[in-house]
Structure formats: structure tokens, C-alpha cells
Amino acid sequence: MKGIAVGIVLAIAGLILWLTTKEVETPIVSLHKAGLILAIIGGAEALFALLGLGKKANK
């Protein structure tokens with residue numbers, strides 16, 4: 001359950017960054033792109049955690 005919660009929180013934080021920082025410019029990294037990457041990683045983590053729960057339920 002912890003992996004699912006962490007994945008969802010990361011995905012939500014990434015989406016918020018991605019949607020709200022399009023006009024913000026930083027010298028090192030684009031917050032817009034970082035938000036998109038964070039959302040993808042969070043979604044993948046939640047998906048893998050769900051798959052892990054499904055495998056445990058089948059055993």
C-alpha cells in the first residue's frame with residue numbers, strides 16, 4: 001500500500017508542476033519538464049505497486 005500512495009503523491013505533484021510552471025525559467029532545469037518526468041515516475045511506481053499486490057494475491 002505504501003508504494004501505491006507514494007506513486008500517487010509523486011504523480012499529483014508532478015502534474016501540478018507540469019501544469020503550473022510552463023512560463024517559469026530556472027537556470028539549471030526546466031520545472032515544466034521535471035514535473036512531467038515526476039508524474040511519469042509516480043504513475044509507474046503506483047502501477048508496479050499494484051502489480052506487486054496482484055502477484056501476492058494470486059499466491
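As the structure is a computational prediction, the values presented were derived from the model and not from experiment.

## A word on helix α1 (residues 2-20)
It helps to recall that an α-helix has 3.6 residues per turn; residues three or four apart then point in one direction. Between the first and last C-alpha of α1 there are 27 Å, a value that for 19 residues agrees with the 27 Å anticipated at 1.5 Å per step. Turning to α1, its buried residues number three or more, namely Ile 4, Gly 7, Ala 11 and Gly 14. Buried residues of α1, seen end-on, are gathered within an arc of 100° and therefore sit on one face of the element. Facing away from the buried surface of α1 by more than 90 degrees, the exposed residues are Lys 2, Val 9, Ile 16 and Thr 20.

## Quick notes on the UniProt feature "transmembrane region" (unreviewed entry) in the protein
In the numbering used here, UniProt assigns the "transmembrane region" (unreviewed entry) feature to residues 34-53. Note that residues 34-53 is 100% helix and 0% strand, and that its end C-alpha atoms are spaced 29 Å apart.

## A closer look at a nonpolar patch on the surface
Taken together, Leu 15, Trp 18, Leu 19, Leu 36 and Ile 40 make up a surface patch of nonpolar side chains, about 480 Å² in accessible area. At the level of secondary structure, the elements contributing two or more residues to the nonpolar patch comprise α1 and α2 (31-58). In terms of residue count, the dominant contributor to the nonpolar patch is α1 (three residues). Relative to the helices and strands, Trp 18 is located in helix α1.

## Details of the packing of α1 against α2
Close contact between α1 and α2 brings their axes to 7 Å; oriented N to C, the two are set at 160°. Comparing their axes, α2 and α1 come out roughly antiparallel. Regarding α1 and α2, the two cross each other, and that crossing is left-handed. For the contact of α1 with α2, the per-class residue count stands at 17 nonpolar, seven polar and one charged.

## Observations regarding the environment of Ala 13
Inspection of the secondary structure assignment puts Ala 13 in helix α1. On the basis of relative accessibility, which here comes to 32%, the residue Ala 13 falls in the partly exposed class. Considering only alpha carbons, one finds Ala 13 and Leu 50, 37 residues apart in sequence, at a separation of 20 Å.

Conventions and cut-offs
- Residues numbered from 1 in each chain as written.
- Predicted model: local features only at pLDDT ≥ 70, side-chain atom pairs only at ≥ 80, totals over all residues.
- Heavy atoms only, no water.
- Helix = DSSP H or I, 4+ residues; strand = E, 2+ residues; numbered from the N terminus.
- Expected span 1.5 Å × (residues − 1).
- Buried < 20%, exposed > 50% of the residue type's maximum accessible area, 1.4 Å probe, protein only.
- Arc of directions from axis to C-beta.
- UniProt positions renumbered as here; feature names shortened; annotations may be inferred.
- Patch = residues over 30% accessible without salt bridge, like charges linked within 9 Å, V, L, I, M, F, W, Y side chains within 5 Å.
- Areas by Shrake-Rupley, 256 points an atom, 1.4 Å probe, with all protein chains shown as cover.
- Salt bridge = Lys/Arg side-chain N within 4 Å of Asp/Glu carboxyl O.
- Axes fitted to C-alpha atoms, helices over the stretch in contact; angles between N-to-C directions.
- Parallel < 35°, antiparallel > 145°, perpendicular 65-115°, else oblique.
- Left-handed = near helix turned anticlockwise from the far one by under 90°.
- Nonpolar A, V, L, I, M, F, W, Y, C, P; charged D, E, K, R; others polar.

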